[in-house]
Amino acid sequence: MNQYIPPKVWTWNKPNGGEFASINRPIAGPTHEKELPVGKHPLQLYSLATPNGQKVTIMLEELLALGHKGAEYDAWLIKIGNGDQFGSGFVKVNPNSKIPALMDHSEPKPVRVFESGSILTYLAEKFGEFMPTERAARAETFSWLFWQMGSAPYLGGGFGHFYAYAPEKIEYAIDRFAMETKRQMDVLDRRLAESEYLAGPDYTIADMAVWPWYGGLAKGRSYNDAAQFLSVHEYKNVQRWADAIDARPAVKRGRMVNRMSGDPAFQLRERHDASDFETKTQDKLEAAE
């Protein structure tokens, strides 16, 4: 294997390879003109059921389960593999061209919110739920929320990419990010040995942010056989926490929204009404064709 010697100045002169090579590029901004659809509800979500997308649909379903009618939402599918996130309408909502992105039309002037942690915080403050008001508990919630935002790129863009998606297996890269992922799982396991949820005794947006990434890994849903490779069964406290959140009905619904993979019965590619979970899952739509 020839050793790579970086040039003095990097230039983008070839595809980078891997599963997402066709959409990766070193510049921002739209690639095509396409306005976003707008449904009947004040909250309009543009997303895909990646871990980051799941955070927000879980939050919205939890709010609805508590009776917050103002949390009703339309969830529009953004196919990131097709480059939908580079449409002009999406870029107006999120100039970073990443899902999820939210528009709140209930305000006098519509509010755009992008970055999943920002959306969780916005919704928690708007509806007064899943965010403690006591200062120390609030600080703990934000600490774990921002822990996830800073740590998950090492799990996803680091370990996940090189273990599951890169065009070749690079031992150094896999070892580096496997070590960091296991360290992060140990951080969570130690915290959850002393606390029922991440921020304390109550379920908060910190759990909603961390669970799709690390709970998904704990339950064997991420990066092919990564759960076995990383021995995630060893993290008993993470497993206990992951199972508890997994069992929540709102979480089960939230995981289905904007999903395009897995069992068709658990794919609700677009969600515009609560009844869609009963009538418009992908298995039912395919059976009706």
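Residues numbered from 1 in each chain as written. Predicted model: local features only at pLDDT ≥ 70, side-chain atom pairs only at ≥ 80, totals over all residues. Heavy atoms only, no water.

Novice: I tried to follow the pattern of salt bridges on my own but got confused; where do I start?
Specialist: Side chains that differ in charge, positive against negative, can pair when their charged atoms come close. Tallying each qualifying case throughout the model produces 17 salt bridges. Between Arg248 and Glu62 there is a salt bridge, and its shortest N-O distance comes to 2.7 Å. Of the two residues, Arg248 is situated in the loop between helix H8 (236-246) and helix H9 (249-256) and Glu62 in helix H1 (residues 51-65); the sequence distance between them amounts to 186 residues. Judged by relative accessible area, which is 24%, Arg248 ranks as partly exposed. Owing to a relative accessible area of 4%, Glu62 belongs among the buried residues under this scheme. Arg138 is the partner of Glu125 in a salt bridge, and the nearest nitrogen-oxygen pair spans 3.1 Å. Residue Glu125 is located in helix H3 (residues 116-127), and its partner Arg138 is located in helix H4 (residues 135-165); the two are separated by 13 residues in the primary sequence. (Salt bridge = Lys/Arg side-chain N within 4 Å of Asp/Glu carboxyl O. Helix = DSSP H or I, 4+ residues; strand = E, 2+ residues; numbered from the N terminus. Buried < 20%, exposed > 50% of the residue type's maximum accessible area, 1.4 Å probe, protein only.)

Novice: Explain the pairing of strand E1 (residues 43-47) here, please?
Specialist: Across a regular strand the side chains alternate sides, sitting on one face of the sheet and then on the other. For E1, the tally of buried residues reaches five of five residues, placing the bulk of the element in the interior. Side chains of E1 alternate between two faces, with Leu43, Leu45 and Ser47 and Gln44 and Tyr46 buried alike. Two elements, E1 and strand E2 (residues 73-77), share five bridges in a ladder whose sense is parallel. Bridging from a neighbouring strand, Leu43 pairs with Tyr73 of E2. With respect to chirality, the unit in which E1 leads through H1 into the neighbouring parallel E2 is right-handed. Bridging between E1 and strand E3 (residues 101-104) involves four bridges; their strand directions are antiparallel. Bridge pairing in E3 links Leu43 to Asp104. (Pairing = 2+ DSSP bridges. Right-handed = clockwise from strand over helix to strand, strands pointing away.)

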